[in-house]
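Working through the structure, step by step
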Amino acid sequence: MTATNQITALPGRLQPGATAPDFTLSDASGQDFSLSSHRGRNVIVYFYPKAATPGCTTEACDFRDSLASLQGSGYDVIGISPDAPAALAEFTGDFGLNFPLLSDQDNAVAMAYGAWGEKVINGEIVEGVLRSTVVIDADGAVVLARYQVDAQGHVAAVRQELGL
């Protein structure tokens, strides 16, 4: 987060032990993708504001580069943004992303996860997706929830908190 970006989240952040809200969203190819299809696996769900922007690209590429290690430790990765599936497909192709990106165009999932709120960008208050990560265990319970995270170094911080 740069000095010109400040974030204040709305109430509703998830806490460890809470049941993660289930969702079904379209992936980059327009196919339905449900969180419930990952029961039995640990899942890292991360929310990002806009595909192909500098911070979001940094974070996505960091997850891409760490995916084999994360999966080897039993964690799948899912990225969620308000982008349309076509934009997600382009983002995936341009950067060789190797995990599902999902389209939350009405921001309902971001709101349910507490990843929506007011933020100040270049001196203007706007509502939008807050860069956030929620780790969900194999039974669907929240293990870790981090909000207002920095794109740079975030994956390493999550790995450290999970003891990976």
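Residues numbered from 1 in each chain as written. Predicted model: local features only at pLDDT ≥ 70, side-chain atom pairs only at ≥ 80, totals over all residues. Heavy atoms only, no water.

Let's talk about the packing of aromatic side chains
Scanning the entire structure with this criterion turns up 8 aromatic pairs. Note on Phe91 and Phe95: the rings are 5.6 Å apart at their centroids and 70° apart in plane angle, and the pair reads as edge-to-face. Linking Phe91 with Phe95, this pair stays in helix α2 (residues 85-95), spanning 4 residues, or about one helical turn. (Phe/Tyr/Trp six-rings, centres within 6.5 Å; stacked < 30°, edge-to-face > 60°. Helix = DSSP H or I, 4+ residues; strand = E, 2+ residues; numbered from the N terminus.)

Description of the environment of Tyr46
With respect to the secondary-structure elements, Tyr46 resides in strand β4 (residues 42-47). Residues within four places of Tyr46 in sequence aside, it is in contact with Glu59, Ala60, Phe63, Val77, Ile78, Gly79, Ile80, Phe99, Leu101, Ser132 and Thr133. (Contact = heavy atoms within 4.5 Å.)

Some details on the pattern of salt bridges
Evaluation of the coordinates by the stated rule reveals 5 salt bridges. Close ionic contact of Lys50 with Asp83 constitutes a salt bridge, the shortest N to O distance being 3.9 Å. Placement of Lys50 in the loop between β4 and α1 (54-72) and of Asp83 in the loop between β5 (75-81) and α2 is noted, with a sequence separation of 33 residues between them. Residue classification places Lys50 among the partly exposed residues on the basis of a relative accessible area of 47%. Of the charged contacts in the structure, one is a salt bridge between Asp65 and Arg64, with a shortest N-O distance of 2.7 Å. Owing to a relative accessible area of 57%, Asp65 belongs among the exposed residues under this scheme. (Salt bridge = Lys/Arg side-chain N within 4 Å of Asp/Glu carboxyl O. Buried < 20%, exposed > 50% of the residue type's maximum accessible area, 1.4 Å probe, protein only.)

A word on the side chain of Ser103
Along the chain, Ser103 turns up in strand β6 (residues 101-103). We classify Ser103 as buried; its relative accessible area is 7%. Here Asp83 takes part through its backbone oxygen, which lies 2.6 Å from a polar atom of the side chain of Ser103. With near-sequence residues (within four places) excluded, Ser103 lies in contact with Leu25, Ser26, Ser81, Asp83, Ala84, Pro85 and Leu88. (Polar contact = N/O pair within 3.5 Å; in protein donor to acceptor, adjacent residues only side chain to side chain.)

So, the pairing of β4
With respect to burial, β4 is a largely interior element, 5 of its 6 residues being buried. Bridge analysis of β4 against β5 gives 6 bridges, and the strand direction is parallel. Residue pairing across strands places Val45 opposite Ile78, the latter belonging to β5. Crossover β4 to β5 through α1 is right-handed. (Pairing = 2+ DSSP bridges. Right-handed = clockwise from strand over helix to strand, strands pointing away.)

Details of the pairing of strand β10 (residues 142-147)
Taken residue by residue, a regular strand's side chains alternate between the two faces of the sheet. Relative to β10, strand β9 (residues 132-136) runs antiparallel, the two being bridged by 5 bridges. Counted as the bridge partner of Val135 is Leu144 from β10. As consecutive antiparallel partners, β9 and β10 are separated by 5 residues, and within that stretch Gly140 has a phi angle of approximately 95°, a positive value.

Describing the sheet that holds β9
Remark on secondary structure: sheet strands pair via backbone hydrogen bonds, oriented parallel or antiparallel. Here we have 7 strands laid out as an open sheet, ordered β3-β2-β6-β5-β4-β9-β10, and mixed in their pairing. Two strands close off the open sheet at either side, each with one partner strand: β3 (32-34) and β10. Strand-to-strand twist across the sheet, computed as the mean angle between neighbouring axes with direction ignored, equals 30°. Across the sheet, α2 lies against β2 (24-27), β5 and β6, angled at about 165° from β6, the strand it touches most. In the packing of helix α4 (residues 154-162) onto the sheet, the strands contacted are β4, β5, β9 and β10, and the crossing angle to β10 comes to about 145°. (Axes fitted to C-alpha atoms, helices over the stretch in contact; angles between N-to-C directions.)

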